[in-house]
2 protein chains.
Amino acid sequence: MATSTVENYLKEILVITLDDEISKVPMGQIAKVLGVTPGTATSMAKSLERDGWVRYFPRVGVSLTRKGRKLAMNMLRRHRLLETFLVETLGFDWDEIHVEAEELEHAISEKVLEKLDDFLGRPRFDPHGDPIPSKGGMIQQIASKPLSDFEKDTNLRIESIIDQNKEFLRFARKAKLIPGQLFKIIGKEVCADSITLKTSRGKLVNLGFRSAEKVLALPYES
Amino acid sequence: MATSTVENYLKEILVITLDDEISKVPMGQIAKVLGVTPGTATSMAKSLERDGWVRYFPRVGVSLTRKGRKLAMNMLRRHRLLETFLVETLGFDWDEIHVEAEELEHAISEKVLEKLDDFLGRPRFDPHGDPIPSKGGMIQQIASKPLSDFEKDTNLRIESIIDQNKEFLRFARKAKLIPGQLFKIIGKEVCADSITLKTSRGKLVNLGFRSAEKVLALPYES
DNA sequence: TCTATAATTTTGACTAATCAAAATCTTTTT
DNA sequence: AAAAAGATTTTGATTAGTCAAAATTATAGA
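A quick note: this is a predicted structure, and the numbers were derived from the prediction, not measured.

1. A word on the domain arrangement of chain A
Alright, step 1. By the assigned domains, chain A splits into domain 1 (4-64) and domain 2 (145-219).
Alright, step 2. One C-alpha centre belongs to domain 1 of chain A, the other to domain 2 of chain A; they are set 37 Å apart.

2. Thoughts on the protein's contact with DNA strand C
Alright, step 1. In the vicinity of DNA strand C, 21 residues are found, and the nearest of them are Thr-3 and Thr-40 of chain A together with Lys-46, Tyr-56 and Arg-59 of chain B.
Alright, step 2. Each atom of DNA strand C within 4 Å of the protein belongs either to a base or to sugar and phosphate, the latter forming 79%.
Alright, step 3. A distance of 3.0 Å is found between a phosphate oxygen of DNA strand C and a backbone nitrogen or oxygen belonging to Thr-37 of chain A.
Alright, step 4. In the environment of DNA strand C, a base oxygen lies 3.4 Å from a nitrogen or oxygen atom belonging to the side chain of Arg-59 of chain A.
Alright, step 5. Of all the elements in the fold, those that place two or more residues in the surface near DNA strand C are α1 (4-20) and α3 (38-50) of chain A together with α2 (27-34) and α3 (38-50) of chain B.
Alright, step 6. When the residues that make up the surface near DNA strand C are grouped by side-chain class, the tally is 8 nonpolar, 9 polar and 4 charged.

3. Notes on the nonpolar core
Alright, step 1. Ranked by internal contacts, the top residues of the largest apolar core, which has 56 residues, are Phe-85 and Leu-116 of chain A together with Phe-85, Leu-116, Leu-147, Leu-177 and Leu-197 of chain B.
Alright, step 2. Beyond its immediate chain neighbours, meaning those up to four positions away, Leu-197 of chain B contacts Leu-147, Leu-177, Phe-183, Lys-184, Ile-185, Ile-186, Lys-203, Leu-204, Val-205 and Leu-207 of chain B.

4. Let's talk about empty space enclosed by the protein
Alright, step 1. Summed over all chains, the structure comprises 2 cavities of 30 Å³ or more.
Alright, step 2. Space inside the largest cavity adds up to approximately 130 Å³.
Alright, step 3. Together, 15 residues line the largest cavity, and Leu-82, Phe-85 and Leu-104 of chain A together with Leu-82 and Phe-85 of chain B are the ones closest to its centre.
Alright, step 4. When contributions to the lining of the largest cavity are tallied by element, the ones reaching two or more residues are α4 (66-88) and α6 (110-119) of chain A together with α4 (66-88) and α6 (110-119) of chain B.
Alright, step 5. No other element matches α4 of chain A, which puts 3 residues into the lining of the largest cavity.
Alright, step 6. Residues that form the lining of the largest cavity fall into these classes: 15 nonpolar, no polar and no charged.
Alright, step 7. Put simply, the second largest cavity is a space of about 30 Å³.
Alright, step 8. Lining the second largest cavity, in full, are Tyr-9, Ile-13, Met-27, Ile-30, Ala-41, Met-44, Ala-45, Leu-48 and Val-62 of chain A.
Alright, step 9. Within the residue set of the lining of the second largest cavity, elements represented by two or more residues are α1, α2 (27-34) and α3 of chain A.
Alright, step 10. The biggest single contributor to the lining of the second largest cavity is α3 of chain A, with 4 residues.

About the criteria used
- Residues numbered from 1 in each chain as written.
- Chains lettered and ligands numbered in written order.
- Predicted model: local features only at pLDDT ≥ 70, side-chain atom pairs only at ≥ 80, totals over all residues.
- Heavy atoms only, no water.
- Domains from an automatic or database assignment.
- Near = heavy atom within 4 Å.
- Polar contact = N/O pair within 3.5 Å; in protein donor to acceptor, adjacent residues only side chain to side chain.
- Helix = DSSP H or I, 4+ residues; strand = E, 2+ residues; numbered from the N terminus.
- Nonpolar A, V, L, I, M, F, W, Y, C, P; charged D, E, K, R; others polar.
- Core = buried A, V, L, I, M, F, W, Y, C linked by side-chain atoms within 4.5 Å.
- Buried < 20%, exposed > 50% of the residue type's maximum accessible area, 1.4 Å probe, protein only.
- Contact = heavy atoms within 4.5 Å.
- 1 Å grid on protein atoms, 1.4 Å probe; cavity = no way out; pocket = protein on both sides within 12 Å on 5 of 7 lines; lining within 4 Å.
- Points joined across faces, edges and corners; volume = space filled by probe spheres on them.

Structural data, given as structure tokens:
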């Protein structure tokens with residue numbers, strides 16, 4: 001059985017791998033995200049390799065083995081399901097949940113996790129809009145991205161609304177923010193945390209970034 | 001901050017103290033419930049004393065300091081609230097929850113715990129009928145007694161089941177012998193070592209004295 | 001009281017995880 | 001290409017928690 005330290009290392013290695021699209025994660029980066037000294041990360045890399053979680057390339061970095069990736073995916077699943085629970089069920093705000101989930105993910109058993117998944121209605125995305133890996137470690141591959149990721153003047157088509165919140169869904173429907181609908185981003189003010197969209201019929205919609213993150217879209221060639 | 005090992009030691013010391021009504025818990029007993037060797041318990045006792053959690057009396061045992069008792073009570077609160085959540089919200093059976101709560105209780109933050117408490121409606125008893133200590137570490141004292149202590153024709157309400165034995169818990173659940181349930185003693189044969197109960201709906205249950213001692217109840221004015 | 005048994009403590013050793021600081025490679029700059 | 005800067009690894013040490021087995025102390029029985 002992996003200790004929770006091991007679980008943390010593997011999870012972070014996975015996240016970096018996915019984010020940066022690299023195969024070997026350098027030690028320094030691992031040390032930084034985990035808040036340990038580089039020396040610690042190196043010695044940990046050796047233990048992880050000894051136990052078959054990663055391959056270690058001295059002076060280059062580590063990559064997950066199949067076994068390591070499986071465990072890491074499972075940690076991501078735990079983390080994101082727990083975040084969903086904290087927001088949906090207990091009413092936490094987005095900015096508080098990461099730290100809490102970080103602790104709980106090591107303590108929750110497979111059994112409790114599955115019951116929780118049922119209870120939540122088997123959500124496929126967490127409150128941040130990130131995909132929740134399936135039980136088998138598969139991650140929902142989506143080409144669509146949150147509205148907030150697109151630049152000004154992009155034409156796009158709404159693909160899905162992540163948030164299950166009733167209020168938001170009501171608002172979205174009213175604003176024609178529904179799958180299939182075509183929009184153009186006519187304004188994006190990062191510092192004001194605001195995005196303005198225009199429908200093909202000229203209707204305007206303003207969204208804060210928090211809301212814009214809940215709306216997934218695909219670019220659309222007009 | 002206390003490690004989860006420390007939390008476990010303190011919680012078990014508290015539970016033994018409450019159950020056996022003793023003030024100094026001998027090392028051997030601690031070692032047994034925690035599944036460690038006696039030597040480990042002894043060396044741990046010294047660390048616990050060094051950090052002000054317990055007083056250690058060589059060759060006699062340990063007792064909790066005020067600080068230690070406070071933490072231990074808090075652990076009991078966590079444990080019992082989590083058990084309640086697992087049963088009430090996620091639909092677990094009685095016999096599965098102890099182990100799960102045992103892990104989660106170390107990972108759940110005060111913040112999440114309070115939200116959970118709200119969500120559950122601030123319950124005062126856990127699914128076994130044991131009192132959930134308040135935030136301040138106060139425990140609800142109830143004068144429930146074993147079924148076998150009551151006389152014929154008494155109306156009573158089940159408060160808790162002492163035994164954690166799986167078979168017995170399963171049987172108890174089936175027979176509606178669960179906290180909150182109302183019964184009347186309609187038969188008691190001391191010489192035959194037998195007690196007969198009737199639910200408010202007329203269902204009959206027979207118990208031997210040995211089992212009747214495991215079920216705590218309070219008299220109930222009908 | 002003296003001995004056998006039970007409980008507790010000591011001792012020496014081990015693993016996981018960490019740090020600080022020195023040593024060693026790599027990469028970049030001049 | 002040499003020097004400087006940056007990243008990585010080594011080395012030596014520390015802490016928490018644990019075990020096995022020997023040593024010590026209590027307790028109970030004859």
